[in-house]
Amino acid sequence: MTDRMTREDVERGLRNLGIDPTCGGCMAVFYTGIGASHTCPDRVSGARLAPSAIIVRDGCVLLARRPEGKSFAGLWETPGGKAEEGEDARATLARELREELGCESVIGEGVAEAWLSPPVTSQCYRIPFYVCTLLGEPRPLVASELRWCTAEEAVALPLTPASAHVVERGVVARVLAT
């Protein structure tokens, strides 16, 4: 037996406790002890779709800093946003990237998915992540700042819960390595 537990050991232990380690709400309850009424979004219908883009260029990923007055203000995130009625994930992402960055985009493959739910957010969100390419130079039309980061630089930034999910689990590093 080793002195060190692997990520798989920790995740298996959490699942044995009825905690989904991929669920922001479950983990918030586990770490803080708040929100005892949390229900994992895998068992919740009606979660709002809010796709996000892993935008890659020259070995870096684009991160946007959330503006003051918004939830998670000052934290960094992969760009994206909430779907409008009847909009699918790819159409939402293309629209959001136009609105937030002023660019058309090519929406590539889906590479990950995160769920956020109370107490982390006010409602349940399903956040699929897609690899994207921008057709133009992005501008911070909504964000307070944009930054191109290596995977190592991204890990060091204060991230929103959903973006932390793909950065800290190595999804961004794997995308950048391809």
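Cut-offs used in this document
- Residues numbered from 1 in each chain as written.
- Predicted model: local features only at pLDDT ≥ 70, side-chain atom pairs only at ≥ 80, totals over all residues.
- Heavy atoms only, no water.
- Helix = DSSP H or I, 4+ residues; strand = E, 2+ residues; numbered from the N terminus.
- Pairing = 2+ DSSP bridges.
- Buried < 20%, exposed > 50% of the residue type's maximum accessible area, 1.4 Å probe, protein only.
- Contact = heavy atoms within 4.5 Å.
- Core = buried A, V, L, I, M, F, W, Y, C linked by side-chain atoms within 4.5 Å.
- pLDDT = per-residue confidence, 0-100.
- Expected span 1.5 Å × (residues − 1).
- Polar contact = N/O pair within 3.5 Å; in protein donor to acceptor, adjacent residues only side chain to side chain.

## Some thoughts on the environment of G102
Tracing the chain through its elements places G102 in the loop between α3 (89–101) and β5 (104–116). C-alpha of G102 to C-alpha of V142: the two residues are 40 residues apart in sequence and 9.8 Å apart in space.

## As for the pairing of strand β6 (residues 125–135)
With two bridges joining them, strand β1 (residues 48–49) and β6 adopt parallel strand pairing. Among the inter-strand pairings, L49 is bridged to a residue of β6, identified as R126. Bridge count for β5 against β6 is 10 bridges, and the pairing is antiparallel. Across the sheet, A114 pairs through a bridge with I127, a residue of β6.

## Side note on the side chain of R95
Its place among the elements puts R95 in helix α3. R95 gets classed as buried once you look at its relative accessible area, which sits at 10%. Those residues in contact with R95 that lie beyond four places of it in its chain are K82, A83, E84 and E87.

## Digging into the nonpolar core
Counting residues in hydrophobic clusters, the biggest one holds 24 residues, and the most contacted among them are I54, L63, I127, F129, L159, V166 and V172. Counting residues per element, the ones that place at least two in this core are β3 (60–65), β5, β6, α4 (151–156), α5 (161–168) and α6 (171–177). Excluding its chain neighbours within four sequence positions, the residues that come into contact with F129 are S52, I54, T78, E109, G110, V111, A112, E113, A114, A162, S163 and V166. Counting 17 residues, the second largest nonpolar core, distinct from the first, contains L93, L97, L101 and L134.

## Focus on the confidence of the model for the chain
Per-residue confidence for the chain averages 84 on the pLDDT scale, and 78% of its residues sit at or above 70. For residues 32–37, every residue scores under 50 in pLDDT, and the model assigns this stretch four contacts once sequence neighbours within four places are set aside.

## Overview of α3
In an α-helix, one turn spans 3.6 residues, which is why side chains three or four residues apart end up on the same side. The end-to-end C-alpha distance of α3, which contains 13 residues, comes to 17 Å, matching closely the 18 Å that a straight helix rising 1.5 Å per residue would cover. All of the buried residues along α3 are A89, T92, L93, A94, R95, E96, L97, E100 and L101. As for α3, its buried residues are in contact with β1, β2 (52–57), β3, β5, β6 and β7 (145–149). Capping the start of α3, D88 holds a side-chain oxygen 3.2 Å from the backbone nitrogen of R90, two or three residues further along. Directly after α3, the chain includes G102, whose backbone phi takes a positive value near 70 degrees.

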